[in-house]
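# Examination of the molecular architecture
One letter stands for each residue in the lines below.
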Amino acid sequence: MTAILIVALVTGAILFGIGVYGALSQTNLVMIMMGVELILAGALVNLVAFWRFLHPEIYAGQMFVLVVMTVMAVEMAVGFGVAIARFRARGSVEMEEARDLKG
Amino acid sequence: MYAQAFFVAVFGLAAIGFGVVVFRTSSMVRSALALLFSQTAVGCMFLAMQTEFLGVLQIMMMATEMSIMAIFMVMFMMDPGGMGGMDMTHQKRFSIGAGVVAAGVTIVVAFWVDWGPVTVEAPDAAMQTRALGMELLGRSMLIFETAGVTILTAMIAATAVAIPVQARANKGEMESPE
């Protein structure tokens, strides 16, 4: 059974790595959000694996998964709000052109 | 047990494969669909790990979320079909290095740590759903309610940000832009 736990953890780690690459390398706001979604998906896989194989009697583990899913939804909602505002102001959601946001 | 290991590995590979496709294809719509498949494969991993409620929730949430994302892609991208073959990346070498280091360190930790005894039997689906409901309405109620209020706040904030500046100026909330 430890092998399944390790498979799940490695899958989560690789998803996390792909997400980090995407969030850092993309110039488009929506693509950056996709990277963040993959990072959170990696975290979800790890959380479910920890709950299932280490502490299936403690349901706070599943509660934690619901909190991460909430974070995913909130990130999408706020990200798209910012994307719409940016598109209205400049006609583009390219982050290379958003240097004027730098404080 | 072997069947469970097989399905966790297969869906894990599918999630990773589609995750790679997200940033490899030049079509943004295809990127959104690849992310949808990747998240669905993650949901199927949850089902293979006998976490039925969370698996179904993940698949339903991500199907909706990624469909909306595909619509936004078509709305906002200069080249949503990827026909022009535009390169929309920057600091590629640094990003690849950061991704490899992040994944590598996490994998090393996964192998290094002694996870202790592993539980073979999971509670059945009905029992899990009941126990999660009791958790939500008991010990974790404050966290659950906080999550709900956070989503509501994000919805209001996103709508407020997305309302055109001119419409807000007409209501006297701010100065009209030049």
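In what follows, the structure referred to is the one given above.
In this report, the structure presented in the accompanying data block is examined. (Residues numbered from 1 in each chain as written. Chains lettered and ligands numbered in written order. Predicted model: local features only at pLDDT ≥ 70, side-chain atom pairs only at ≥ 80, totals over all residues. Heavy atoms only, no water.)

## Quick look at the packing of helix α1 (residues 2-24) of chain B against helix α2 (residues 28-48) of chain B
For any two helices packed against each other, one specifies the inter-axial angle together with the distance between the axes. All names here are of chain B. Running from amino to carboxyl end, α1 crosses α2 at an angle of 165°, the nearest separation of the two axes being 8 Å. With respect to each other, α1 and α2 are oriented roughly antiparallel. The chirality of how α1 crosses α2 is left-handed. Two secondary-structure elements touch here, α1 through Gln-4, Phe-7, Val-8, Phe-11, Gly-12, Ala-14, Ala-15, Phe-18, Gly-19, Val-21 and Val-22 and α2 through Ser-31, Ala-34, Leu-35, Phe-37, Ser-38, Ala-41, Val-42, Cys-44, Met-45 and Ala-48. (Axes fitted to C-alpha atoms, helices over the stretch in contact; angles between N-to-C directions. Helix = DSSP H or I, 4+ residues; strand = E, 2+ residues; numbered from the N terminus. Parallel < 35°, antiparallel > 145°, perpendicular 65-115°, else oblique. Left-handed = near helix turned anticlockwise from the far one by under 90°. Contact = heavy atoms within 4.5 Å.)

## A word on the packing of aromatic side chains
The geometry of an aromatic ring pair is captured by two quantities: the separation of the ring centres and the angle between the planes. By the definition in use, this model includes six aromatic pairs over all chains. Their ring planes at 85° and their centres at 6.1 Å tell us that A:Tyr21 and B:Phe23 sit as a pair that is edge-to-face. A residue pair is termed interchain when its members come from two chains, as with A:Tyr21 in helix α1 (residues 2-25) and B:Phe23 in helix α1. Summarising the burial analysis for this pair, A:Tyr21 and B:Phe23 share the class buried. (Phe/Tyr/Trp six-rings, centres within 6.5 Å; stacked < 30°, edge-to-face > 60°. Buried < 20%, exposed > 50% of the residue type's maximum accessible area, 1.4 Å probe, protein only.)

## Notes on the interface of chain B and chain A
Taken together, the contact between chain B and chain A spans 82 residues of the former and 68 residues of the latter. Where chain B abuts chain A, roughly 6600 Å² becomes buried across the two surfaces, and 80% of that area is made up of carbon and sulfur atoms. Of all residues in chain B, B:Phe23, B:Phe76 and B:Trp115 give up the largest surface area on contact with chain A, accounting jointly for 12% of the area buried on that side. Across the contact surface, chain B and chain A share zero salt bridges. Put simply, chain B and chain A have 12 residue pairs in polar contact (both at pLDDT 80 or more) between them. Of all elements in the fold, only α1, α2, α3 (52-76), α4 (92-112), α5 (125-136) and α6 (141-162) of chain B reach the threshold of two or more residues within the side of chain B that touches chain A. Here the side of chain B that touches chain A gets 13 residues from one element, more than from any other, and that element is α3(B). For the side of chain B that touches chain A, the residue count by class is 58 nonpolar, 19 polar and five charged. (Buried area = accessible area lost by both parts, 1.4 Å probe. Salt bridge = Lys/Arg side-chain N within 4 Å of Asp/Glu carboxyl O. Polar contact = N/O pair within 3.5 Å; in protein donor to acceptor, adjacent residues only side chain to side chain. Nonpolar A, V, L, I, M, F, W, Y, C, P; charged D, E, K, R; others polar.)

## Let's talk about the pattern of salt bridges
All names here are of chain B. Across all of its chains, the model carries one salt bridge over all chains by this definition. Between Arg-139 and Glu-135 there is a salt bridge, and its shortest N-O distance comes to 3.5 Å. The class for Arg-139 is exposed, based on a relative accessible area of 65%.

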